[in-house]
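Now for the letters of each chain:
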Amino acid sequence: MQNVTPHHASMTASATSPDVDWIIDRLVEVVGVQNLPCPLHRPVFSPSAQAYVQETMASGWVATSGNFLNRFEALVADFTGAPHVVATSTGTAALHSCLLLSGVERDDEVLSPALTFVATANAIAYCGAHPHFVDVDRATMGVDPERLEEYLRSVGRMVDGHFRNLKTGRRIRALIGVHTFGHPYAIDAVQEICQRRQIIMIEDAAQALGSWIGDRHSGTIGHMGVISFNGNKTATAAGGGAILIRDADLAQKARHLTSTGKVPHPWNYFHDIVAYNYRMANLNAAVGCSQMEDLPKFLRAKRALAADYQAAFAGSSVAIFHEPAGCRSNYWLNALQLSAELAPLRDILIQRMLDRQLQVRPVWTPLHRLPMYINCPRMNLATTEYLEQTVINLPSSPFLRL
Ligand SMILES: *Cc1c(COP(=O)(O)O)cnc(C)c1O
């Protein structure tokens, strides 16, 4: 786009700026006029989904055990290469379980990007622990390893085998890295920084089913990883999550913790820990199985859509996020990044896109500005704030290219 006129930004007249119209026209071209109103992300189901749900109901095994549950876990393990998979009722429940299984305790701190869905920090708070917000990299939108290293050097030190925040005196037990919108973060560098400090790295790969770092699937590299199967994710079980685990013992503990701590027995009720009712229901797993079978098709469609967004804005003052070098993204949600000059037009753009029946969304309000997390420790979050002002999520449903 050659005719960028950033000075329009300060004028009310910018609502009719040709830049805004130009951007919106490109978006409508990509999604297709016939698809308006266009949702941000709508799932599609094969006939098998209905068939599996009916089969589950007929069997009576609708709740937290059954064949589809086992099959769903096997499908996710097979696809991701994770040695063990434990299906949960939500991705949030999976994250909470991972933190508990990693030994996060009350009054620990857990590092988390401020640019993520609120569930990441909520899972930390459920443990009685404190989110400690770190900034992200502008290109990947994931944890920035260089700035993390520099920050950890200034904020803490090893005391008796634990990394402590010198300001708060609290132990920094874990870090949750988020593969934002399905784009992998600089995971090996972040992992190395954590390992040197006995900080456990958990992967919030909630958005990243079908995203790869080389030949390793997201969520299989850290101590544990989490995938979400919520209704708006790449594959859905209506609601659901999965914990990806390498270690067999830990997988056993995860099953126990998410199944009310019941000690297996043919008929006796005996529970040996305070645990959770976090298992996925067989009925949800039935939907999940159908979606896992369709996943390769969804990923191809999302990739084709992303390529079309890229082409539509090539050489213009708006950029479309793309997969980092050496990685393969699932392109769960395409995201448009405005130039700094266009940033003041963000809200106008969003409103105009909505008026044109394009369901777009800004990124999440950074978590350090939510009332319950406003006093959490944090580093300088300049990039998070920059991304908040310049990123708009675009319609990304697989049906647009199926
Ligand atoms: C969706 C999501 C979650 C939570 O998953 P639910 O299944 O909705 O509980 C956690 N973290 C991130 C980054 C997510 O996008």
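Here, the structure is the one placed above.
Small disclaimer: the values here were computed from a predicted structure and weren't measured.

1. Section: the overall build of the protein chain
Here comes step 1: Across its full length, the protein chain carries eleven helices and 16 strands.
Here comes step 2: By the compact-globule yardstick of 21 Å for 402 residues, the protein chain fits well, its C-alpha radius of gyration being 22 Å.
Here comes step 3: Dimensions of the protein chain along its principal axes, counting C-alpha atoms only, are 70 × 55 × 35 Å.
Here comes step 4: Taken across its 402 residues, the protein chain has 57% of its residues classed as buried.
Here comes step 5: In the protein chain, 71% of the contacts between residues at least 6 apart in sequence involve partners at least 24 apart.
Here comes step 6: Where the 34 positive side-chain charges of the protein chain centre and where its 35 negative ones centre are 3 Å apart.

2. Some remarks on the sheet that holds strand 14 (residues 335–338)
Here comes step 1: Spatially, 12-14-16-15 is the arrangement adopted by the four strands of the open sheet, whose pairing is antiparallel. Strands at the two margins of the open sheet, each flanked by one partner only, are strand 12 (318–320) and strand 15 (361–362).
Here comes step 2: For strand 15 and strand 16 (residues 391–393), the ladder comprises two bridges, and the chain directions are antiparallel. Paired with P362 across the strands is I392, a residue of strand 16.

3. A look at helix 2 (residues 47–59)
Side chains that are three or four residues apart share a direction in an α-helix, a result of its 3.6 residues per turn.
Here comes step 1: Taking 1.5 Å as the rise per residue, helix 2 with 13 residues should run 18 Å; its terminal C-alpha atoms sit 19 Å apart, in good agreement.
Here comes step 2: The inward-facing, buried residues of helix 2 contact helix 3 (67–80) and helix 9 (282–313).
Here comes step 3: G60 sits one or two residues past helix 2 and shows a positive phi near 85°.

4. A word on the environment of R170
Here comes step 1: Tracing the chain through its elements places R170 in the loop between strand 5 (162–165) and strand 6 (172–178).
Here comes step 2: Residues R170 and D107, 63 residues apart in the sequence, show an inter-C-alpha distance of 6.7 Å.
Here comes step 3: Beyond its immediate stretch of four places on either side in the chain, R170 contacts D107, E109, H130, F163, R164, N165 and P377.

5. Considerations on the site of the ligand
Here comes step 1: Around the ligand there are 15 residues in total, and G91, T92, Q207, S228 and K233 lie nearest to it.
Here comes step 2: Here an oxygen atom of the ligand and a backbone polar atom of G91 are 2.7 Å apart.
Here comes step 3: In the model, an oxygen atom of the ligand is placed 3.3 Å from a nitrogen or oxygen of the N230 side chain.
Here comes step 4: Alone, the ligand offers 380 Å² of accessible surface; in the complex the protein occludes 93% of this.
Here comes step 5: Where the shell around the ligand is concerned, the elements lending two or more residues are helix 4 (91–101) and helix 5 (119–126).
Here comes step 6: For the shell around the ligand, the residue count by class is four nonpolar, nine polar and two charged.

Quick notes on the rules
- Residues numbered from 1 in each chain as written.
- Predicted model: local features only at pLDDT ≥ 70, side-chain atom pairs only at ≥ 80, totals over all residues.
- Heavy atoms only, no water.
- Helix = DSSP H or I, 4+ residues; strand = E, 2+ residues; numbered from the N terminus.
- Rg over C-alpha atoms; globule rule 2.2 N^0.38 Å.
- Buried < 20%, exposed > 50% of the residue type's maximum accessible area, 1.4 Å probe, protein only.
- Contact = heavy atoms within 4.5 Å.
- Lys, Arg positive; Asp, Glu negative; His and termini not counted.
- Charge placed at Lys NZ, Arg CZ, Asp CG, Glu CD.
- Pairing = 2+ DSSP bridges.
- Expected span 1.5 Å × (residues − 1).
- Near = heavy atom within 4 Å.
- Polar contact = N/O pair within 3.5 Å; in protein donor to acceptor, adjacent residues only side chain to side chain.
- Areas by Shrake-Rupley, 256 points an atom, 1.4 Å probe, with all protein chains shown as cover.
- Nonpolar A, V, L, I, M, F, W, Y, C, P; charged D, E, K, R; others polar.

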